[in-house]
Amino acid sequence: MENLIPKDWYTILAPELTKPYFKALDEEVSAQYKTKTIYPDKQSIFNAFYLCPFSNVRVVILGQDPYHGALQAHGLSFSVPDKQKLPPSLRNIYKELESDLGQTANTSGDLTHWAKQGVLLLNSTLTVEAGLPASHQGLGWETFTDALIKKISNEKEHVVFLLWGKFAAAKKTLIDETKHLVLTAPHPSPFSAYTGFFGCKHFSQTNQYLKKHDCKTINW
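These figures come from a predicted structure and were not determined experimentally.

(A) Broad picture of the layout of surface pockets. Its volume calculated, the largest pocket comes out at about 490 Å³. The wall of the largest pocket is formed by 30 residues, among which Gln64, Asp65, Tyr67, Phe78 and His187 lie closest to the centre. Mapped onto the lining of the largest pocket, the elements with two or more residues apiece are strand E2 (59-63), helix H4 (88-101) and helix H7 (166-169). At three residues, H7 tops the list of elements feeding residues into the lining of the largest pocket. Counted by class, the lining of the largest pocket contains 15 nonpolar, 13 polar and two charged residues.

This is the structure we're talking about:
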């Protein structure tokens with residue numbers, strides 16, 4: 001899989017790619033692609049990295065693992081390809097966006113336009129077996145993406161990390177809050193959105209922080 005990682009990220013992550021856990025992860029996931037239906041398609045595993053180069057990262061939105069239904073996952077957390085039905089969590093993200101900024105959210109669930117502006121739409125686990133949520137957790141992806149979050153924290157400044165839900169909030173310990181902004185809220189899932197995700201105003205807070213530090217804001 002390492003040959004699928006874009007060059008700039010490959011340089012940043014090279015130390016991880018030679019570790020035994022990543023070699024084992026690569027072998028296991030590659031073998032599963034040959035015998036099972038795995039999402040996203042193999043060429044899209046690192047789509048978030050292609051659309052958001054390391055030098056461009058200004059915001060990180062952390063998800064858990066890819067959508068496990070057909071035609072949904074395309075390598076960006078919370079996002080689905082254009083013309084696909086909006087998943088419930090993304091519908092709630094759009095509701096909060098409309099409430100926070102007073103703008104009408106995009107009708108498409110494709111968040112590529114966020115990624116191209118410097119929003120790294122990162123899942124903690126980058127692959128999943130069809131119909132089996134969380135099926136690739138524990139294979140090594142979390143070790144890889146934790147290292148990636150630490151790299152961003154250590155080597156960049158004034159990045160906004162949006163951590164939604166208990167799983168994402170647990171990653172807070174990986175981030176240096178003296179030079180980054182970390183915003184946490186309940187997950188946007190219908191099961192928890194009404195317990196504090198709605199009204200969190202993370203989109204406006206993100207842009208206020210970026211503007212304060214002379215960084216380009218995000219056109220959500």
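(B) Structural view of the pattern of salt bridges. By the definition in use, this model includes five salt bridges. One salt bridge in this structure joins Lys19 and Glu16, with 2.8 Å as the shortest N-O distance. The partner of Glu129 in a salt bridge is Lys36, with the nearest N and O atoms 3.7 Å apart. Here Glu129, found in strand E4 (residues 128-129), pairs with Lys36, found in the loop between helix H2 (20-35) and strand E1 (38-39); they are 93 residues apart in sequence, far enough to count as distant.

(C) Highlighting the sheet that holds strand E3 (residues 119-123). Within the open sheet, the four strands sit side by side as E3-E2-E5-E6. Their pairing is parallel. The open sheet has two edge strands, E3 and strand E6 (181-185), and neither has a second partner. Recorded for the sheet is a direction-independent mean angle of 20° between the axes of neighbouring strands. Here four bridges tie E2 to strand E5 (residues 160-164), and the two strands are oriented parallel to one another. Of the residues in E5, the one forming a bridge with Ile61 is Leu162. Packing of helix H6 (residues 141-155) onto the sheet brings it into contact with E2, E3 and E5, and relative to E3 it is tilted by some 155°.

(D) Quick look at the state of the cysteines. A complete count under the given rule lists zero disulfides for this structure. No disulfide involves Cys52; its nearest neighbouring cysteine sulfur is the one of Cys215, lying 13 Å away. Cys52 sits in the buried class, given a relative accessible area of 0%.

(E) Just the packing of H4 against helix H8 (residues 202-212), in detail. Here H4 crosses H8 at 60°, and the two axes come no closer than 8 Å. Accordingly, the angle class assigned to the pair H4 and H8 is oblique. Judged by residue contacts, Ile93, Glu96, Leu97, Asp100 and Leu101 of H4 engage His202, Phe203 and Ser204 from H8. Residues belonging to the contact of H4 with H8 are distributed by class as follows: four nonpolar, two polar and two charged.

(F) Seen up close, unusual backbone geometry. The omega torsion across Tyr39 and Pro40 is -10°, close enough to zero to call that bond cis. Among the secondary structure elements, Pro40 is positioned in the loop between E1 and helix H3 (47-51). The phi dihedral of Leu71 is positive, around 65°, even though this residue is not glycine. Structurally, Leu71 can be placed in the loop between E2 and H4. The exposure class of Leu71 is exposed, given its relative accessible area of 61%. At Lys201, a residue that is not glycine, the phi angle is positive and equals roughly 55°. Structurally, Lys201 is set in the loop between E6 and H8. What makes Lys201 partly exposed here is its relative accessible area of 39%.

Reading guide: rules and limits
Residues numbered from 1 in each chain as written. Predicted model: local features only at pLDDT ≥ 70, side-chain atom pairs only at ≥ 80, totals over all residues. Heavy atoms only, no water. 1 Å grid on protein atoms, 1.4 Å probe; cavity = no way out; pocket = protein on both sides within 12 Å on 5 of 7 lines; lining within 4 Å. Points joined across faces, edges and corners; volume = space filled by probe spheres on them. Helix = DSSP H or I, 4+ residues; strand = E, 2+ residues; numbered from the N terminus. Nonpolar A, V, L, I, M, F, W, Y, C, P; charged D, E, K, R; others polar. Salt bridge = Lys/Arg side-chain N within 4 Å of Asp/Glu carboxyl O. Pairing = 2+ DSSP bridges. Axes fitted to C-alpha atoms, helices over the stretch in contact; angles between N-to-C directions. Contact = heavy atoms within 4.5 Å. Disulfide = S-S within 2.5 Å. Buried < 20%, exposed > 50% of the residue type's maximum accessible area, 1.4 Å probe, protein only. Parallel < 35°, antiparallel > 145°, perpendicular 65-115°, else oblique.

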